[in-house]
Amino acid sequence: MEWLMVAIGGGVGAALRYGVQQVISKTLLASYWATIIVNLLGSFFLGAASQAAIEQWNVFSFLTIGVLGAFTTFSTFSFDFVKLIDDKQWLKAVIYSVANLIGGLTLFWIGWLL
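None of the values given here were measured: they were computed from a predicted structure.

K.L.:
Help me out: how do you make sense of helix 4 (residues 74-86) in this one?
P.N.:
Every α-helix winds through 3.6 residues per turn, so residues three or four apart in the chain are directed the same way. The end-to-end C-alpha distance of helix 4, which contains 13 residues, comes to 18 Å, matching closely the 18 Å that a straight helix rising 1.5 Å per residue would cover. Two residues or fewer after helix 4 comes Lys88, characterised by a positive phi angle close to 60°.

What follows is the structure, given as structure tokens:
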């Protein structure tokens, strides 16, 4: 049953991620903005969901591993960072990495505290 919960949650998270990517990429033109947004939102909600659902493993698996695991993306963060470096956009690369790492950790903690 747990595998099914993770799989369904993963499908939901991937679809949400794709939707955000499409909307943000069309409005802000740079795909890395979508990555920052999903990673920051996902970190906040992961903190909140972890604290709220930690006692109920099926809910925890569905929300954290499934939905939020598929919604957020470290691999795209890595790709975007390397692309910015490759394009010699050093300042954007630094801001992008700090926004993802420090912002993600901070928002996770805020979600956890709520």
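Back to the write-up after that little detour.
K.L.:
Is there a simple way to explain the environment of Ile36 in this structure?
P.N.:
The topology assignment puts Ile36 in helix 2 (residues 31-53). Taking the relative accessible area as the measure of exposure, Ile36 reaches 9% and is therefore buried. Every residue in contact with Ile36, bar those within four places of it in the chain, is listed here: Tyr96, Ala99 and Asn100.

K.L.:
Could you clarify how one ought to interpret helix 1 (residues 2-28) in this entry?
P.N.:
For helix 1, with 27 residues, the first-to-last C-alpha span of 38 Å sits near the 39 Å given by 1.5 Å per residue. All buried positions along helix 1 are accounted for by Gly9, Gly10, Gly13, Arg17, Gln21 and Ile24.

K.L.:
What exactly am I supposed to notice about the environment of Thr76 here?
P.N.:
Checked against the element boundaries, Thr76 lands in helix 4. For the pair formed by Thr76 and Val98, sequence separation is 22 residues and the distance between their alpha carbons is 15 Å. With sequence-adjacent residues up to four places away left out, Thr76 is seen in contact with Arg17, Thr35 and Tyr96.

K.L.:
Just checking my understanding: could you explain the confidence of the model for the chain for this structure?
P.N.:
Any segment with low pLDDT has predicted coordinates that should not be analysed in fine detail. Scored by pLDDT, the chain comes out at a mean of 90, with 96% of its residues at no less than 70. Considering each helix and strand of the chain separately, the mean pLDDT is smallest for helix 3 (residues 57-71), with a value of 86, and largest for helix 5 (residues 90-113), with 95.

Cut-off values and rules
Residues numbered from 1 in each chain as written. Predicted model: local features only at pLDDT ≥ 70, side-chain atom pairs only at ≥ 80, totals over all residues. Heavy atoms only, no water. Helix = DSSP H or I, 4+ residues; strand = E, 2+ residues; numbered from the N terminus. Expected span 1.5 Å × (residues − 1). Buried < 20%, exposed > 50% of the residue type's maximum accessible area, 1.4 Å probe, protein only. Contact = heavy atoms within 4.5 Å. pLDDT = per-residue confidence, 0-100.

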